[in-house]
Amino acid sequence: FRAGGSLMWRHIASNGLTILLVGLVAAAGAVAWAKVEYVAQGPLERAVCLKVEPGSRMRGISERLADMGAVRSAGLFRMGADYTDRTQLLKAGSFLLPPGASMDEITDLITKGGASSCGVELVYRIKVNGLQAQVRELDPETDKFEVKAEFEPGVDEAPAEYIAARDDADTRISVVLVEGTTVWQAVEGLKAADFLSGDLGDGLPDEGSLAPDSYEVRSGADRAELVAKMEAAQA
C-alpha cells in the first residue's frame, strides 16, 4: 500500500510540475507576444488628432484610442505604458497621430510633453496696415490649416470661434510681427492683444530693436517678456 501510495503521489507531483511548466511557458509566450504587439505598426489608416484634456487618465485615453481605431487593445496599451513607467507622465494637449503609429510611439507622443502638434491655432499678426487675428485648425489628413474665423481686432467684433480658442488652454497662439512694422505699431498691437497680460508702460524700445518673426506664446503671457524676447532675437 505504501509503495502504491508513494507512486501515486509521485505521479500527481509529476503532473502538477508539467502543468506548472506549461503555464510558465504560456505566460512567457504571452509576454513576448505583448512586447512585439506593443511596438508593431498600428491599425490607424490615416492621421488623426487626439486631444488630451487636463486631468485625463490613461484608462480613458486608451479607450478613446481603441474607439478611434488607433490601437487594437486598450488594455494592452495601458499595460505597455505601465510597463515602461509612463502611465503617470500623460500630458494635456492636442497630438497628431500618424498612420500606422505603434502603441509605443503613441505613448511617447502623449507623455513627452512639448507644444501641441495639431488642433486649433490662433495667429495674431501685427502688420504695417493694422492687425489681423485668425483662428485655424489643422486637418490631419491633408496636413493643412483650415481657417475657421478671421477679423481685425479693434475694428471688428471678435467672433465666437476666436473667443473659444482664446479661452481654451490647449490652443496654440502665435504672435507674428511682420517685416516693416514700426516699434510703435508693435507695442500698440501687443497692447490690443487680449490674450496677453502685463503693462508695457509709456516708453518705447529703440526703433529697429524688435525682430520681425513668429513668436509662440501661452494665453496670459506677459507683454514685457514678449518684447524682451523680440529684442533678444534682434540682438
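For the structure given in this document, a descriptive report is provided here. (Residues numbered from 1 in each chain as written. Predicted model: local features only at pLDDT ≥ 70, side-chain atom pairs only at ≥ 80, totals over all residues. Heavy atoms only, no water.)

Comments concerning the pairing of strand 4 (residues 130–139)
Pairing of strand 3 (residues 120–127) with strand 4, which is carried by 8 bridges, proceeds in the antiparallel orientation. Its bridge partner being in strand 4, L122 is matched across the sheet by V135. What sits between strand 3 and strand 4 in their antiparallel hairpin is a turn of 2 residues. Pairing analysis gives 7 bridges linking strand 4 to strand 5 (residues 144–151), with the strands arranged antiparallel. (Pairing = 2+ DSSP bridges. Helix = DSSP H or I, 4+ residues; strand = E, 2+ residues; numbered from the N terminus.)

Description of the packing of aromatic side chains
Across all of its chains, the model carries 2 aromatic pairs by this definition. Pairing Y124 with F195 gives two aromatic rings, centres 5.2 Å apart and planes at 85°, and the pair type is edge-to-face. In this pair, Y124 sits in strand 3 while F195 sits in the loop between helix 6 (183–192) and strand 7 (214–217), placing the two residues 71 residues apart along the sequence. According to the relative accessible area criterion, Y124 is buried, its value standing at 1%. Each ring, one from F151 and one from Y162, has its centre 4.9 Å from the other, and the planes form 75°; the classification is edge-to-face. Of this pair, F151 sits in strand 5 while Y162 sits in helix 5 (residues 160–167); the two residues are 11 residues apart in sequence, bridging distant segments of the chain. Judged by relative accessible area, Y162 falls into the buried class, the value being 3%. (Phe/Tyr/Trp six-rings, centres within 6.5 Å; stacked < 30°, edge-to-face > 60°. Buried < 20%, exposed > 50% of the residue type's maximum accessible area, 1.4 Å probe, protein only.)

Examining the side chain of R86
Position of R86 among the secondary structure elements: in the loop between helix 3 (74–83) and strand 2 (93–97). A distance of 2.6 Å separates a polar atom in the side chain of R86 from a polar atom in the side chain of D104. Setting aside chain neighbours within four positions, we find R86 in contact with Y38, M58, A81, D104, T107, D108 and T111. (Polar contact = N/O pair within 3.5 Å; in protein donor to acceptor, adjacent residues only side chain to side chain. Contact = heavy atoms within 4.5 Å.)

Some points on the state of the cysteines
Counting across every chain of the model gives 1 disulfide. The disulfide that involves C49 links it to C118, with 2.1 Å between the sulfurs. Between C49 and C118 the sulfur-sulfur dihedral comes to about 85°; the bridge is accordingly right-handed. With a gap of 69 residues between them, C49 in strand 1 (residues 48–52) and C118 in the loop between helix 4 (103–111) and strand 3 connect regions that are remote in the sequence. (Disulfide = S-S within 2.5 Å.)

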